[in-house]
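# Tertiary structure, described
The primary structure of each chain is shown beneath.
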Amino acid sequence: MKRDITRRNFMLKGTALGLAGFLSDPVWGAFSGDCIIDRQSAEIPLINKGDKQIFVDDVMIHKSIGVKRIVHDARKKNHPVLEADRSWEIGDNHVPYAALYGTVLRNETDGTFRMWYNCYKKCLYATSNDGVVWQKPELGQLGNTNMINLFDFHSPSIILDKKENNPLKRYKAVGSKDGFSEQVISELKKKFKFSENYHRNYAYCAAYSADGLNWNRYPDPILLGMDTITLAQDPLNGNFLAFHKQTQDPRSFGRQIFLSESSDMYSWSDRELVMETDETDHAQARKLEGGTHSEFYNMSAFYSASQWLGLVTLFRCIGEPLVNGKARAGQKGIIDVQLVHSRDGRIWKRCSDRSSVISIGPNLYDGGMVFGVCNTPVIVGDEMWIYYSASADIHGGTNPDKRISIARAVWRLDGMVSLSAGDSEGVIETTPFRQRGSQLYVNADVSAGQLFIEVLDASGNVVIGYEKQSCVCLRSPAVHQQVKWKFSESLPKNEIIRLRFYLTKGDLYSYTIA
């Protein structure tokens, strides 16, 4: 993947670094996994009031020791939250099929939920008061069903555009559609590079709506297509980001993730390869019986805590290997979800811990694969929910009891990644930053341990009154804990500061300047 060009970042081997040396050494350094990372930057970032920092990367970490970055697997219910139980929710080979490549939104006023899901080319709609028990209202658009006339889009992905001034276009959607003529595909190929190997009649299309139920399609297809695409919006500039799968691009091997960007949903940038499997992924696939290689099935991305998080579905293929790098329809394999991250939504990196963030099983309903993920999380109290497509059988499997359903994955708020310490005290020191806020809050689970925080000046000296021994010890599992010192509940004003966390037997998820 592309490197972070805003900071010098190189690896120094060895782990023999004592705590005393850590605290006194003027050299920049950060402990990550089994290596020490040396980094330096002349930039002093600004953390605005209300801004939150999570620990998915090392960008805001000056140095640390005795902690490990951990990806936390989701908690699940022992049953799906929505199943295919209507006659129109039957897919190929009579398989009950209710899948979610799409969207779940929560009303900010009354807390109710809306879901757009699909059964192949059918877009369906459901509502819920609690996000667990769902209703399928009869909409009357396509008979007495909950189907929406969304132009036979496969994998419809929807956003609510809060920056849109035209009330008729508040909702935006993208999806895959087939059946285009050779002439339409030929004209579309002229707009984009690396299209000479494209030989499908698929294209990705876009649509808009005032209410999310009644849709208008943009007249021309927007991108050369396959079957899955997810839509996101950059909250900083309002641009739309489409993460889509391609298999006929000469720059990639099998199924991989490309990104195109638009300011108006009509004209889109040429696709760029942003997530590609590597030898580490292929090695994981080869651990399976008959495993050959890995591909990326699809990707969802959303803005969170001043950066982007992505959920990629890693497809570990078994059976016959690829021929000339071409993906095989019906390829057998297992699929689960890993976490990736980005500071700008365009340049993506793998998380240092590649363990699953939504794993397969242990329940039967998703024991075969997790193959599609909602394009945005839902925040409910102190939890983050992600809805996903679950299958009891592997990709390409022929189990007669196969069912496709929709399930819910749950984490504590900001809970996908933490810095974790054991019995020995770990220390994390941030890079210098300016702050527009007066109070510090942390999201940490230290119910079995403890957490102290020091405030340092720009040069790394402890600010008088903000020493470790002056900090009121934190021992709670709460997601929003105020940090206090004996003589102050507020941070130093109008200064460049650093934070130093002393963590024992616990997990640190994020901190917020309020």
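Preceding this section is the structure that the text describes.
First things first, this report covers the structure right here in the doc. (Residues numbered from 1 in each chain as written. Predicted model: local features only at pLDDT ≥ 70, side-chain atom pairs only at ≥ 80, totals over all residues. Heavy atoms only, no water.)

Now for the overall build of the protein. Per the secondary structure count, the protein includes three helices and 38 strands. A compact globule built from 514 residues would reach a C-alpha radius of gyration of about 24 Å, and the protein, at 24 Å, matches this within 12%. Taking the principal axes of the C-alpha coordinates as reference, the protein spans close to 70 × 50 × 45 Å. Out of the 514 residues belonging to the protein, those deemed buried represent 56%. Taking all contacts inside the protein whose residues are at least 6 apart in sequence as the whole, residues at least 24 apart take part in 66%. Within the structure as shown, the protein displays about 21,500 Å² of accessible surface, and the carbon and sulfur contribution to it stands at 49%. Averaging the positions of the 61 positive and the 59 negative side-chain charges in the protein gives two centres separated by 1 Å. (Helix = DSSP H or I, 4+ residues; strand = E, 2+ residues; numbered from the N terminus. Rg over C-alpha atoms; globule rule 2.2 N^0.38 Å. Buried < 20%, exposed > 50% of the residue type's maximum accessible area, 1.4 Å probe, protein only. Contact = heavy atoms within 4.5 Å. Areas by Shrake-Rupley, 256 points an atom, 1.4 Å probe, with all protein chains shown as cover. Lys, Arg positive; Asp, Glu negative; His and termini not counted. Charge placed at Lys NZ, Arg CZ, Asp CG, Glu CD.)

Let us now look at the pattern of salt bridges. Counted according to the given criterion, the structure contains 30 salt bridges. Lysine 190 is the salt-bridge partner of glutamate 187, the closest N and O atoms lying 3.1 Å from each other. Residue classification places glutamate 187 among the partly exposed positions, given a relative accessible area of 42%. Of the charged contacts in the structure, one is a salt bridge between aspartate 336 and arginine 316, with a shortest N-O distance of 3.1 Å. Taken together, the residues aspartate 336 in strand S25 (residues 332-342) and arginine 316 in strand S24 (residues 307-318) connect sequence positions 20 residues apart. As far as the burial class goes, aspartate 336 and arginine 316 line up, both buried. One network of salt bridges, with partners in common, ties together Asp85, Arg86, Glu89 and Lys136. (Salt bridge = Lys/Arg side-chain N within 4 Å of Asp/Glu carboxyl O.)

The next point concerns the packing of aromatic side chains. Here the structure, examined in full by the defined rule, presents 18 aromatic pairs. With a centroid separation of 6.1 Å and an interplanar angle of 50°, the aromatic rings of tryptophan 116 and tyrosine 171 are classed as tilted. Remark: tyrosine 171 occurs in strand S15 (residues 171-177) and tryptophan 116 occurs in strand S10 (residues 113-119); sequence separation between them is 55 residues. Among the residues examined, tryptophan 116 registers a relative accessible area of 0% and is labelled buried. In textbook terms, an aromatic cluster arises when at least three aromatic residues are bridged by ring pairs, as seen for Phe55, Phe433, Phe501 and Tyr511. We note lysine 169 situated over the ring of tyrosine 208; from NZ or CZ to the ring centre the distance is 4.9 Å. The lysine or arginine in question, arginine 408, covers the ring of tryptophan 385, its NZ or CZ lying 4.2 Å from the ring centre. (Phe/Tyr/Trp six-rings, centres within 6.5 Å; stacked < 30°, edge-to-face > 60°. Lys NZ or Arg CZ within 6 Å of the ring centre and 35° of its normal.)

Sheet strands line up and pair through hydrogen bonds in the backbone, either parallel or antiparallel. Reading across from one edge, S19-S20-S21-S22 is the order of the four strands in this open sheet, with antiparallel pairing throughout. With one partner strand each, in any of the chains shown, strand S19 (229-233) and strand S22 (272-275) form the two edges of the open sheet. Across the sheet, the mean angle separating the axes of adjacent strands is 35° when strand polarity is ignored. Where S19 meets strand S20 (residues 240-246), five bridges bridge the pair, whose relative direction is antiparallel. For threonine 230, the partnering residue across the bridge sits in S20 and is phenylalanine 243. (Pairing = 2+ DSSP bridges. Axes fitted to C-alpha atoms, helices over the stretch in contact; angles between N-to-C directions.)

It is worth spelling out the pairing of strand S9 (residues 99-106) at this point. With seven of its eight residues buried, S9 lies for the most part within the structure. Strand direction decides the pairing type here: S9 and S10, joined by five bridges, are antiparallel. Across the sheet, leucine 105 pairs through a bridge with arginine 114, a residue of S10. As consecutive antiparallel partners, S9 and S10 are separated by six residues, and within that stretch glycine 111 has a phi angle of approximately 80°, a positive value.

For helix H3 (residues 279-286), the complete set of buried residues consists of Asp281, His282, Gln284 and Ala285. Buried residues along H3 cover an arc of 155° about the axis, so they all sit on one side. Buried positions along H3 lie against strand S23 (291-304), S24, S25 and strand S26 (349-350). (Arc of directions from axis to C-beta.)

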